[in-house]
Structures are given as C-alpha cells and as structure tokens.
Amino acid sequence: MDASACCARCATRPALPILVLTARGEEGDKVRGLRLGADDYVTKPFGVLELLARVEALFRRAGSAAVVLPRSPSANGSGTWKWSPRLAPCCGTANP
C-alpha cells in the first residue's frame, strides 16, 4: 500500500500519529506525504536510533501515554526488536 492510501485509511483515526517509512526520498514525495496527513516522513536508509526518537516524538506530540522503547539496538539482549501492538502499522502487517 502506498503512503497516500495509508494516510487516507488512517485519517479515520485522527489520534493515530502517521510516520511514513519509505525509499522514496524526492522532495515532491515528501511534500505529498506530509500534505496527505503524515506527521513525519523518514526515508531509507535511516538509523534505528533516529527512527526510535522520531516515534517517541510522535507519541509525545500526540499526548499518548508513555511509550517505552529500547535505547539501543541490543537493548533487549537478543538483537531483535519486539514492538508493542500500539506501534503496529495501520496499513499492512507488522513484523514479529
């Protein structure tokens, strides 16, 4: 699903922050995504810590309850991420 369809689908849930994570890095793509309702737009490649900081900022601005995220890629000891269901994308499926 592309970002425009996802933003349209998520627009029915106004309290849900939208972060677009994509390989499309042209200025026009970014502007289009933000104008369609995305709260943030991150292009690949990206740093994991930067992405986590952006997610925390989205929840902070949205006034959501505290979200605890690992501070480093190895924070959970296994080298893998375990996402809260609150962080699952509204479009598509989350990776376990």
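Residues numbered from 1 in each chain as written. Predicted model: local features only at pLDDT ≥ 70, side-chain atom pairs only at ≥ 80, totals over all residues. Heavy atoms only, no water.

Undergrad: Teacher, can you tell me more about the nonpolar core here?
TA: It is characteristic of soluble globular proteins that their nonpolar side chains tend to be buried jointly. Membership of the largest hydrophobic core is limited to seven residues, which are C6, C7, C10, I18, V20, A38 and Y41. Broken down by element, the residue count for this core peaks at three residues, all from helix α1 (residues 3–10). In this view, V20 contacts A3, A38, D40, Y41 and V42; residues no more than four positions away in its chain are not counted. (Core = buried A, V, L, I, M, F, W, Y, C linked by side-chain atoms within 4.5 Å. Buried < 20%, exposed > 50% of the residue type's maximum accessible area, 1.4 Å probe, protein only. Helix = DSSP H or I, 4+ residues; strand = E, 2+ residues; numbered from the N terminus. Contact = heavy atoms within 4.5 Å.)

Undergrad: Could you clarify how one ought to interpret the pattern of salt bridges in this entry?
TA: Between side chains of opposite charge, a pair can form when the charged atoms approach closely. With the rule as written, the count across this model stands at two salt bridges. Across the salt bridge formed by D40 and R54, the nearest N and O atoms sit 2.8 Å from each other. Of this pair, D40 sits in strand β2 (residues 40–43) while R54 is found in helix α3 (residues 48–62), placing the two residues 14 residues apart along the sequence. Overall, D40 belongs to the buried group, its relative accessible area being 11%. Between R54 and E50 there is a salt bridge; the shortest N-O distance is 2.9 Å. One end of the pair is R54 and the other is E50, both in helix α3 and four residues apart, which spans about a single turn. Its relative accessible area of 28% is what places R54 among the partly exposed residues. In this structure E50 comes out as partly exposed when scored by relative accessible area, which is 38%. Shared partners join several salt bridges into a network, and the residues in it are D40, E50 and R54. (Salt bridge = Lys/Arg side-chain N within 4 Å of Asp/Glu carboxyl O.)

Undergrad: Looking at this structure, how should I read α1?
TA: Each turn of an α-helix holds 3.6 residues, which means side chains three or four residues apart point in the same direction. Within the sequence span of α1, burial applies to S4, C6, C7 and C10. End-on view of α1: buried residues confined to an arc of 160°, all on one side of the axis. Residues of α1 that are buried sit in contact with α2 (27–35). (Arc of directions from axis to C-beta.)

Undergrad: Please clarify how α3 should be interpreted in this entry.
TA: Counted at 1.5 Å a residue, the expected span for α3 with its 15 residues is 21 Å, and the 21 Å between its end C-alpha atoms agrees. Residues of α3 that are buried include every one of L51, L52, V55, E56, A57, L58 and F59, and no others. The inward-facing, buried residues of α3 contact β1 (19–22) and β2. (Expected span 1.5 Å × (residues − 1).)

Undergrad: Help me understand unusual backbone geometry, please; the structure alone is not making it clear to me.
TA: With glycine set apart, most residues show a phi of negative sign, and most peptide bonds adopt trans. Cis geometry is found at the peptide bond from K44 to P45, where omega equals -5°. With respect to the helices and strands, P45 occurs in the loop between β2 and α3.

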